[in-house]
Amino acid sequence: MDMRKRTTTLLCLCLFLSSLMYAQEVTLLEQLLEEEELLEEEEEDDRLFFGEDSLFRFSLNEEYSVLSNDSLALEVGFIPKSFDLDVDSLLNSWHVQYFSNVDDYCHDDAQNVSFPDSIYRMRLESLHHIIPLTYNKSVKDCINLYAEKRRSLVRYMLGMANYYFPIIEQVLDEHNMPDELKYLSVVESALNPNALSRVGAAGLWQFMLPTGKACGLEINSLVDERRDPVKATRAACVYFQNMYDIYKDWNLVLAAYNCGPGNVNKAIRRSGGKTDFWDIYTYLPKETRSYVPLFIAAYYIMSYSCEHNLCPVQTTLPLATDTIMVDKMLHFDQITDLISIDIELLRLLNPQYKRDIIPGNSKPSVLKLPALDCYAFVEKEDTIYQHRMDELLANCIPYNAITTGQSSTRERITHVAQSGENLYTIADKYGVTASEIRRWNGLGSNRVAKGKRVVVYVDNGGVTFASAKSTATTPAVAAKSTTQTAASTATSTNGYITYTVQSGDSLYAIAQKYPGISAANIQKANNLPNSKIRPGQKLKIPVG
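Basis of the calculations
Residues numbered from 1 in each chain as written. Predicted model: local features only at pLDDT ≥ 70, side-chain atom pairs only at ≥ 80, totals over all residues. Heavy atoms only, no water. 1 Å grid on protein atoms, 1.4 Å probe; cavity = no way out; pocket = protein on both sides within 12 Å on 5 of 7 lines; lining within 4 Å. Points joined across faces, edges and corners; volume = space filled by probe spheres on them. Nonpolar A, V, L, I, M, F, W, Y, C, P; charged D, E, K, R; others polar. Helix = DSSP H or I, 4+ residues; strand = E, 2+ residues; numbered from the N terminus. Buried < 20%, exposed > 50% of the residue type's maximum accessible area, 1.4 Å probe, protein only. Polar contact = N/O pair within 3.5 Å; in protein donor to acceptor, adjacent residues only side chain to side chain. Contact = heavy atoms within 4.5 Å. Axes fitted to C-alpha atoms, helices over the stretch in contact; angles between N-to-C directions. Parallel < 35°, antiparallel > 145°, perpendicular 65-115°, else oblique. Left-handed = near helix turned anticlockwise from the far one by under 90°. Salt bridge = Lys/Arg side-chain N within 4 Å of Asp/Glu carboxyl O. Core = buried A, V, L, I, M, F, W, Y, C linked by side-chain atoms within 4.5 Å. Phe/Tyr/Trp six-rings, centres within 6.5 Å; stacked < 30°, edge-to-face > 60°. Lys NZ or Arg CZ within 6 Å of the ring centre and 35° of its normal.

The next point concerns empty space enclosed by the protein. Counting across every chain of the model gives one cavity of 30 Å³ or more. There is about 30 Å³ of room inside the largest cavity. In terms of residue class, the lining of the largest cavity is built from six nonpolar, no polar and one charged.

Okay, structure coming up:
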């Protein structure tokens, strides 16, 4: 009898252990499936902003850059795109003419200075903050990433912060937002005024196009207010407030900015209802786990840069600016021809105008100028509006045509894909989404081969594209039109033709207008570091 009881007890014990092991295996399997679900939902979740795609993944697919030589990157996890900027190229581009030497009172060195954890913790606690500045290993790894691996990037960001932070701070104050939220723009765009992601997020705050429009930002082929620091910051504040009303926790607001409220809500559910970021940390998408530590590290390194032998690149960008409300269509060349202001500075101050045209005829539009130049503009205003108007604004839609209906600004464009382009970069050019281009052309992916013709239906913002007219003509007429266009935008001097770059131009397209000239010839003649050109730029064409 005792033997039978012992046997029964042993069998029950074995069954219990087997069921326990099975339950553990099921739990592990569920966790793995949840992680896989997160990855699968990345393209389909309710992210409102650039979110996961603003961060580089490791060995996921070739759409993302891999920082394979960064051992720190493996510790930190996923690294923002802003870390991968070619800083040397950035500093040697147009910005370099507005940079002077570093501050004589700041010691800049190639070597970082490391400190014990107690110092980092004390410094973070001493910073003014409403958002919790937790210190842990994840935050320390992110600080080291800034202080050791991306020192040149930090110098650039410190310099640009002198110009952009006062603008952002004023908007944050108007919306009663924590001042430290400005450091989120450091993580998103590294304060690069022309930041454009591989999937079409733009501006300091990296808004996706549908989100920007949903937040009231004007986006078309002429204007993109995601690049306007003031309006984009206002839109970001609206989002911050909406998320704070939901979560009442600023770290969760930051997480929602990155991965969307849907993924934050899933993490809260999977954690058993916990609402602290660090408690739901392991249930968030891997990219978002790095996002809050990177934000804290950005605040730290921008505040204690001198302690790490990092000095800002000093800029002479005009901190004193003023705005003028423009009520007529106006081209940047009309301004720079009559006022002594560099067109690149004009573009930096007014980054929302993608084609160097201010559509003041459709609604009053802002023109930002250095304070002293505002007086010069007012004195010559009538002359400026009339200057080269027929030449520079030949494709403008009449004001009454715009006011009678938005359909008048809709235009069918045939875009010829250039090397390095994808549907996201094409979509940004015309103010549409990649999914719309896929639908219009029956495409199955966002990749597009060089030379492929892609149909795009754009809101041209009130200025038609010259390319649209040529696509409807015969080859002979098109060739004649191209020659006439090239002639109208060029003047001959000392064996060179000076060509004014038009919207939609590329070096290859310009070279096609001049027999025997290649894109490489033009690049060499103008000492261009790469093939990038902008509307309004003057190029020498060696045809003499």
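Attention now moves to the side chain of Asn112. You can see Asn112 is positioned in the loop between α3 (87-91) and α4 (117-126). Under the relative-accessibility criterion, Asn112 is labelled buried at 18%. Reaching out from Asn112, the side chain makes a polar contact with the side chain of Glu148 at a distance of 3.5 Å. A polar contact of 2.7 Å, which involves the side chain of Asn112, links it to the side chain of His308. The contact partners of Asn112, leaving out residues within four places of it in the chain, are Ala147, Glu148, Arg151 and His308.

Right, let's get into the packing of helix α9 (residues 229-247) against helix α10 (residues 250-259). The N-to-C vectors of α9 and α10 enclose an angle of 125°; their axes lie 9 Å apart at closest approach. It follows from the interaxial angle that α9 and α10 lie oblique. Once α9 is placed against α10, the crossing between them reads as right-handed. Here Tyr239, Phe240, Met243, Tyr244 and Tyr247 of α9 come into contact with α10, specifically with Trp250, Leu252, Val253, Ala256 and Tyr257. A breakdown of the residues in the contact of α9 with α10 according to their chemical character gives ten nonpolar, no polar and no charged.

Take the pattern of salt bridges next. Between side chains of opposite charge, pairing is possible as soon as their charged atoms come close. One pass over the full model with this rule turns up 15 salt bridges. Taking the shortest distance from any N to any O, the salt bridge between Lys182 and Glu169 comes out at 2.5 Å. Taken together, the residues Lys182 in helix α7 (residues 182-189) and Glu169 in helix α6 (residues 151-174) connect sequence positions 13 residues apart. Its relative accessible area of 7% is what places Lys182 among the buried residues. With a closest N to O distance of 2.8 Å, Asp224 and Arg226 form a salt bridge. Just as Asp224 is buried, Arg226 falls in that class too. Because the salt bridges share partners, they merge into one network encompassing Asp224, Arg226, Arg227 and Asp428.

Core analysis: the biggest nonpolar cluster contains 102 residues, and Tyr146, Trp205, Phe240, Met302 and Phe377 have the highest contact counts within it. A total of 14 residues in this core trace back to one element, the largest contributor, which is α6. Not counting the four nearest positions on each side in its chain, Met302 is found in contact with Met157, Leu158, Ala161, Phe165, Tyr183, Val186 and Leu191. Within the second largest apolar cluster, 17 residues are counted, among which are Tyr424, Ile426, Ala427 and Phe465.

On to the packing of aromatic side chains. We describe a pair of aromatic rings using the distance from one ring centre to the other and the angle between the two ring planes. In this structure the tally under the stated criterion is 17 aromatic pairs. Measuring from ring centre to ring centre gives 4.9 Å for Phe277 and Trp278, while their planes differ by 85°; the resulting arrangement is edge-to-face. The structure contains a cluster of three or more aromatic residues connected by ring pairs, namely Phe115, Tyr120, Tyr135, Tyr300 and Tyr304. Positioned above the aromatic ring of Tyr304 is the side chain of Arg123, whose terminal nitrogen or guanidinium carbon lies 5.4 Å from the ring centre.

Any functional reading would require information that these geometric values do not contain.
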